[in-house]
Amino acid sequence: MSGSGTQGQLTGGTHGEHELRRSLGFRDLVVYGLLFIAPMAPVGVFGTLDAKSHGAVALVYVVATVAMAFTAFSYAQMVRVVPQAGSVFAYARVGLGKGAGFVAGWMAMLDYVLIPAVAYLFSGIAMNELVPEVSRWVWTALAVVVTTLLNLWGVRAAARVGFGVLAMEVVVLLVFVVAALVVLARDGAERGWLSPLTGDGTQGAFALSAVVGAVSVAVLSYLGFDAIATFAEEVTGGSAKVARALLFCLALAGVLFVAQTYLAALLAPMSSAELAAEPAGQGSAFYDAVDASVGTWLHDLVAVSKAIGAAFAALAGQAAAGRLLFAMGRDRRLPGVLSRTFSGVPRVALLVSAVITMVAAVWAARRDDGMDHLVSVVDIGALTAFTLLHASVVGWFAVRRRGDGFSWWRHVLVPVAGAAITVAVIVEASGTAQLVGLVWLAVGLVVLVVQRGRVEG
């Protein structure tokens, strides 16, 4: 079967009220991907990674970018085969079968539906720090309402607003880079110039195992770039543009992450050993480095950027979640009403996603341990979905031999290596995250069995 014939077959039957409007270009896709990731995503985990890697925090992001490139490459392979809104749900369905497709979509729901709640909570916490008179759950709820209205307006309108927010985040990052370079040129570095790549030596000699252990945390900074694939039915110019946007977004994020962590490590007033001995200081380590070297004005600027940026990262996540629910509803794996569109916008799916996100985000905002609970849930869902994505590439190209131009390295070696990486990160995840993932998977399998029983009956 030819590639064009395959695509025609797989995308047929989506029209009328179940059709999404094609209005996105390459820039819009990159904007959504970077919004979801957030250009300064490492800020919150910098101290943890610095301590775990023995000071080689920039090297951690180099390795993490390469590790995630395997996943981006597998997405690029499958989006050409199945240019549909369902992303990994659609890919596993054709590569592994309908049952596996449902499981992939079910596990991805933990990521797509709940990771916006994490971003909304970040926004609420940051705004509460700036305006403490207003409770953080109120700020969190307000962020959900504003971004939901933008998503209901339409993907193109949301992309325009998102571009402005993304530009603001990039400007703040550039201000940090310039200020850091000025301080380093004037006062020199607190650590050795190569230490962010080789370790600062305060916890002994360079240890590859320490870097690998930190990578398991750093890859979580990239969660969200794959949301680009959910807009495959709304892009103009074909699925090849989606594949290019996926790879470009990951590469750009990797460059930004390495640059900012390299500079922050050089400015850090505390060594990696001191951070390891004082876990309480790890969360604010990036801000402490900025305060000590540049000043509180930059601290406040970064905080405002994170508050606004987190809300619009959630906007991109909510849009992706809506497309996933839309695709699963269209395939009757979830209630069919989710596949209804209005003026080319999946508003029912978006509203359902928004309600779930609102409940989760406000609940977490009212609890001291809410963030930990949310993060442990979304991570395991994304990594399981990534693993099934890699299996889908092997299933479609190597086992079923359905795609044109089969290649052992593109369709077997790369996805197998990618699956090994994601499985390794799952193994390194916390026991709570693994338990939640197993429970969610068990519920999904029960739903799948019930669905099959109804069909057979």
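Residues numbered from 1 in each chain as written. Predicted model: local features only at pLDDT ≥ 70, side-chain atom pairs only at ≥ 80, totals over all residues. Heavy atoms only, no water.

Colleague: Would you mind going over the pattern of salt bridges with me for this structure?
Modeller: Proximity of charged atoms lets side chains of opposite charge pair with each other. Evaluated as defined, the whole model comprises 3 salt bridges. Several salt bridges share partner residues, and in doing so they unite D50, R191 and D200 into one network. (Salt bridge = Lys/Arg side-chain N within 4 Å of Asp/Glu carboxyl O.)

Colleague: Please explain the packing of helix 2 (residues 26-37) against helix 11 (residues 239-267) as it appears in this structure.
Modeller: Each pair of packed helices can be described by the angle between their axes along with the distance between the axes. At their nearest, the axes of helix 2 and helix 11 sit 9 Å apart, and the two run at 45 degrees to each other. In this view, helix 2 runs oblique relative to helix 11, as classed from their interaxial angle. Crossing geometry of helix 2 relative to helix 11 is assigned as right-handed. Residues F26, L29, V30, G33, L34 and I37 of helix 2 lie in contact with helix 11, whose contacting residues are K241, V242, R244, A245, F248, C249, L252, A253 and F257. Considering only residue class, the contact of helix 2 with helix 11 consists of 12 nonpolar, 1 polar and 2 charged. (Axes fitted to C-alpha atoms, helices over the stretch in contact; angles between N-to-C directions. Helix = DSSP H or I, 4+ residues; strand = E, 2+ residues; numbered from the N terminus. Parallel < 35°, antiparallel > 145°, perpendicular 65-115°, else oblique. Left-handed = near helix turned anticlockwise from the far one by under 90°. Contact = heavy atoms within 4.5 Å. Nonpolar A, V, L, I, M, F, W, Y, C, P; charged D, E, K, R; others polar.)

Colleague: How do you make sense of the environment of G25 when you look at a structure like this?
Modeller: The residue G25 is located in the loop between helix 1 (3-11) and helix 2 in this model. Take G25: its relative accessible area is 16%, and that puts it in the buried class. Each C-alpha atom of the pair G25 and E234 lies 8.8 Å from the other, and the pair is 209 residues apart in sequence. Those residues in contact with G25 that sit more than four places away from it in its chain are T236 and K241. (Buried < 20%, exposed > 50% of the residue type's maximum accessible area, 1.4 Å probe, protein only.)

Colleague: Looking at this structure, how should I read the nonpolar core?
Modeller: Grouped burial of nonpolar side chains is what soluble globular proteins tend to show. Counting residues in hydrophobic clusters, the biggest one holds 133 residues, and the most contacted among them are Y32, Y75, M78, Y91, F176 and F225. For this core, the element with the most residues is helix 14 (residues 296-330), which contributes 16 residues. Excluding its chain neighbours within four sequence positions, the residues that come into contact with F225 are G33, I37, M68, T71, A72, L246, C249 and L250. (Core = buried A, V, L, I, M, F, W, Y, C linked by side-chain atoms within 4.5 Å.)

Colleague: Explain the packing of aromatic side chains here, please?
Modeller: The geometry of an aromatic ring pair comes down to the distance between the two centres and the angle between the two planes. This model, assessed by the stated rule, comprises 11 aromatic pairs. For the ring pair Y75 and F386, a centre distance of 6.1 Å and an interplane angle of 90 degrees mean the geometry is edge-to-face. With Y75 in helix 4 (residues 57-81) and F386 in helix 16 (residues 370-399), this pair connects stretches of sequence that are 311 residues apart. Both residues of the pair, Y75 and F386, belong to the buried class. Site record: aromatic cluster; members linked through ring pairs are F46, F176 and F286. Its end group placed over the ring of F163, R27 keeps NZ or CZ at 4.0 Å from the ring centre. (Phe/Tyr/Trp six-rings, centres within 6.5 Å; stacked < 30°, edge-to-face > 60°. Lys NZ or Arg CZ within 6 Å of the ring centre and 35° of its normal.)

Colleague: Honestly, helix 17 (residues 408-428) in this entry has me stumped. Any pointers?
Modeller: Because an α-helix packs 3.6 residues into every turn, residues spaced three or four apart end up facing the same way. Between its first and last C-alpha atoms helix 17 spans 29 Å; for 21 residues at 1.5 Å apiece the expected length is 30 Å, and the two agree. Along helix 17, the positions that sit buried rather than exposed are H411, V412, V414, P415, G418, A419, T422, V425 and I426. (Expected span 1.5 Å × (residues − 1).)

Colleague: What is the right way to look at the side chain of T140 in this model?
Modeller: With respect to the secondary-structure elements, T140 resides in helix 7 (residues 136-153). The class for T140 is buried, based on a relative accessible area of 0%. T140 has contacts with Y120, L121, G124, A361, V362 and A365, leaving out every residue within four places of it along the chain.

Colleague: Hey, could you run me through the side chain of T71 in this one?
Modeller: With respect to the helices and strands, T71 occurs in helix 4. Taking the relative accessible area as the measure of exposure, T71 reaches 1% and is therefore buried. The residues contacting T71, other than those within four sequence positions of it, are F225, F386, L389, H390 and T422.

Colleague: Any chance you could explain unusual backbone geometry here in plain terms?
Modeller: Peptide bonds are mostly trans, and most non-glycine residues show a negative phi. Here the phi dihedral of A38 falls at roughly 85 degrees; this positive angle occurs in a residue that is not glycine. Position of A38 relative to the elements: it lies in the loop between helix 2 and helix 3 (46-52). A positive phi is found at H54, a non-glycine position, where the angle reads about 60 degrees. Following the sequence through the fold, H54 ends up in the loop between helix 3 and helix 4.

Colleague: I'm lost on the environment of S305 in this one. Help?
Modeller: Along the polypeptide, S305 turns up in helix 14. Residue contacts for S305: discarding those within four places in its chain leaves M168, E169 and V172.

Colleague: What am I meant to see in the packing of helix 4 against helix 11 here?
Modeller: In contact at an axis separation of 9 Å, helix 4 and helix 11 are set at 175 degrees when each is read in the N-to-C sense. By the angle class used here, helix 4 and helix 11 are roughly antiparallel. Residue composition of the contact of helix 4 with helix 11, by class: 21 nonpolar, 4 polar and 1 charged.

Colleague: Can you walk me through the confidence of the model for the chain in this structure?
Modeller: Low-confidence regions, as indicated by low pLDDT, have predicted coordinates that should not be scrutinised in detail. In the predicted model, the chain carries a mean pLDDT of 81, and the fraction of residues at 70 or more is 89%. Per-residue pLDDT, averaged within each element of the chain, yields its smallest value for helix 1 (42) and its largest for helix 9 (residues 195-198) (91). In this model residues 1-16 is a low-confidence stretch, pLDDT under 50, and it forms 25 contacts with partners more than four residues away in sequence or in other chains. (pLDDT = per-residue confidence, 0-100.)

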